[in-house]
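A structural walkthrough
Next come the chains, spelled out residue by residue.
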Amino acid sequence: MRYISTRGRAAPQSFCDILLGGLAPDGGLYLPESYPQVSRAELDAWRQLSYADLAYEILSKFITDIPPADLKALVAKTYTAQVYCHTRNGGDAAQITPLTRLEDGLYTQELSNGPTLAFKDMAMQLLGNLFEYVLDQRGESINILGATSGDTGSAAEYAMRGKHNVKVFMLSPDGKMSAFQRAQMYSLQDANIFNIAVTGMFDDAQDIVKAVSNDAEFKSRYKIGAVNSINWARVAAQIVYYFQGYFLATRSNDEQVAFSVPSGNFGNICAGHIARQMGLPIARLVLATNENDVLDEFFKTGVYRPRTSAETSVTSSPSMDISKASNFERFVFDLVGRDPAVVADLWAKVDKGQAFDLSATVYWKNLPKFAFVSGRSSHADRLATIRLAQEKYGVMVDTHTADGLKVALENRLPGVPMVVLETAQPAKFEETIREALGSEPVRPADLAGIEKLPQRVVVMAPDVEAVKRYLVERV
Ligand SMILES: *Cc1c(COP(=O)(O)O)cnc(C)c1O
């Protein structure tokens, strides 16, 4: 299997060659040359498999440059009931991503049972093991530099902690995260994890990362890397739970399902799109946004209009607060018939902050083929849906999952089970849960009192040179 760029001007690469990098050299995103197809016989055989064995079968179609026995061992050590132990609602941890039945034909799929209680763990835990393996093989090392306002940074730290040849330098806005989020990251005592609290906003932290990454000399000299959401391995890992959700929601492979996906950067639902392209019987992909509705607007009108930061709202489903969707280019590549010249033209506009409009093009007529529908949710909708889930179904959902459920309920198909992807646990968003329900979410027992653990963090002014110095002294 080789990987090509959505913009067509980069040499095809193998999986391990794109694993540690980010964008393709032409600015595009990597995708498989073609999507592997899953036969009916394979689907029938896979229905019986454990999550780890299913993950191996699917990933081995995309990862052909790691010996099968090694890949199998990496996947087996990633997807265990111990790592994904935080099940709720009576879910079976052995299933890794079990379903919770809300009513007949309506489920949530728990993707947030990992160490940080959000779905980013599903892919990031595998990434940690893949990084360690490939770096060991090549005798190389990497220093991951990132900025986080919460979920991604902690998922990266929990995935990379204790891994050889990997160090993580994570910038976060000092005092801007919740006490729980701070405790999750700063209480890690592993020697390869460095938390840097920047006295500023998230954007200041992000700007420092960009400045360091734009310094090509520094970047190559100190082997600076990233684990952002455009990383192909993350998307690939996410394909697996669509298959698992399908098997758990149906009895036979003659049936179809729909998935509803709380979306921000389009990474999660991109994996659903690819599962469907591989032949998984998905009748509908429901894309749910919050008030930051750039993707809902596209699927309704054909206009993709990235927002400025001034137009981006801070909402109560903060992990979906995006101004543009970094993985969306992958879907558009397929929508325009995989013509890289068209994608390059469209993103020449996007990269200048401009919009594009596909509504009057031939490509827009292809859209129904991909079975997407979309909707948006507001803070008021979120509160109402959290209450509805509690009162009608006896299930507490987090704010992001509430956005998914709200839009799912508007887009059900008769006779087709609807699976709402549960992307985080309510315990991470206590304030909004309290606002909706007047009560506290229950936190997993092993995370009770995490705020009282000793913390490891340095506080720094938002100064690029100071961050570089800190890094140089520790790599
Ligand atoms: C990251 C995240 C999302 C959005 O996922 P994308 O892949 O960016 O679309 C939704 N919910 C939660 C809780 C997240 O952490």
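Refer to the structure above for everything that follows.
Conventions adopted
Along each chain, residues carry numbers from 1 onward, in the same order as the chain's sequence is written. A pLDDT threshold of at least 70 governs which residues receive local features in this predicted model, and a stricter bar of 80 or more applies before side-chain atom pairs are shown or counted, although totals over entire chains, interfaces and linings include all residues. Think of the side-chain values as coming from all heavy atoms in the structure, minus any hydrogens and water. Type-normalised accessible area, obtained with a 1.4 Å probe on protein chains alone, sets the label of each residue: buried when under 20%, exposed when over 50%, and partly exposed for intermediate values. Helix numbers and strand numbers start at the N terminus; a helix is a DSSP run of H or I with at least 4 residues, a strand a run of E with at least 2. With the strands aimed away from the viewer, a crossover counts as right-handed if its path from the first strand over the helix to the second runs clockwise. Here, any two strands with at least 2 DSSP bridges between them count as paired. As a rule, the C-alpha atoms of each element are fitted with a line to give its axis, helices using only the stretch in contact, and angles between N-to-C directions run from 0 to 180 degrees. The convention is simple: Lys and Arg are positive, Asp and Glu are negative, and His and the chain ends are not counted. For salt bridges, the criterion is a side-chain nitrogen of Lys or Arg within 4 Å of an Asp or Glu carboxyl oxygen. Pairs of N or O atoms within 3.5 Å make up the polar contacts considered here, provided that, within protein, one atom can donate a hydrogen while the other can accept it, and that residues adjacent in sequence are counted only when both atoms are side-chain atoms. The contact criterion used is simple: two residues touch if any of their non-hydrogen atoms lie within 4.5 Å.

**Focus: the pairing of strand 7 (residues 193-198)**
With respect to burial, strand 7 is a largely interior element, 6 of its 6 residues being buried. Of the two faces of strand 7, both are covered, the one formed by Ile193, Asn195 and Ala197 as well as the one formed by Phe194, Ile196 and Val198. One crossover worth recording links strand 6 (residues 166-173) to the parallel strand 7 by way of helix 7 (residues 179-186), and it is right-handed. Bridge count for strand 7 against strand 15 (residues 458-460) is 3 bridges, and the pairing is parallel. Looking at strand 15, one finds that Ala197 is bridged to Val459.

**Concerning the environment of Leu335**
Position of Leu335 among the secondary structure elements: in helix 13 (residues 328-335). According to the relative accessible area criterion, Leu335 is buried, its value standing at 0%. Along the backbone, Leu335 and Ala69 are 266 residues apart, and their C-alpha atoms lie at a distance of 36 Å.

**Some words on the sheet that holds strand 3 (residues 99-103)**
Strand order in this open sheet of 6 strands is 3-4-14-9-10-13, and the pairing throughout is mixed. Because the sheet does not close on itself, it has two edges, and the strands there are strand 3 and strand 13 (372-376). For this sheet, the mean angle separating the axes of adjacent strands, direction not counted, is 25°. For strand 3 and strand 4 (residues 106-110), the ladder comprises 4 bridges, and the chain directions are antiparallel. Each residue of the ladder has a partner; that of Glu103, found in strand 4, is Leu106.

**Here we look at the side chain of Arg284**
Mapped onto the elements, Arg284 comes out in strand 10 (residues 282-289). Although Arg284 is buried, it forms no salt bridge, and the closest oppositely charged side chain is Glu410 at an N-O distance of 10.0 Å. Separated by 2.9 Å, the side chain of Arg284 and the backbone oxygen of Asn411 make a polar contact. Ignoring any residue separated from it by four or fewer positions in sequence, one finds Arg284 in contact with Val257, Ala258, Phe259, Ala371, Val373, Asn411, Arg412 and Leu413.

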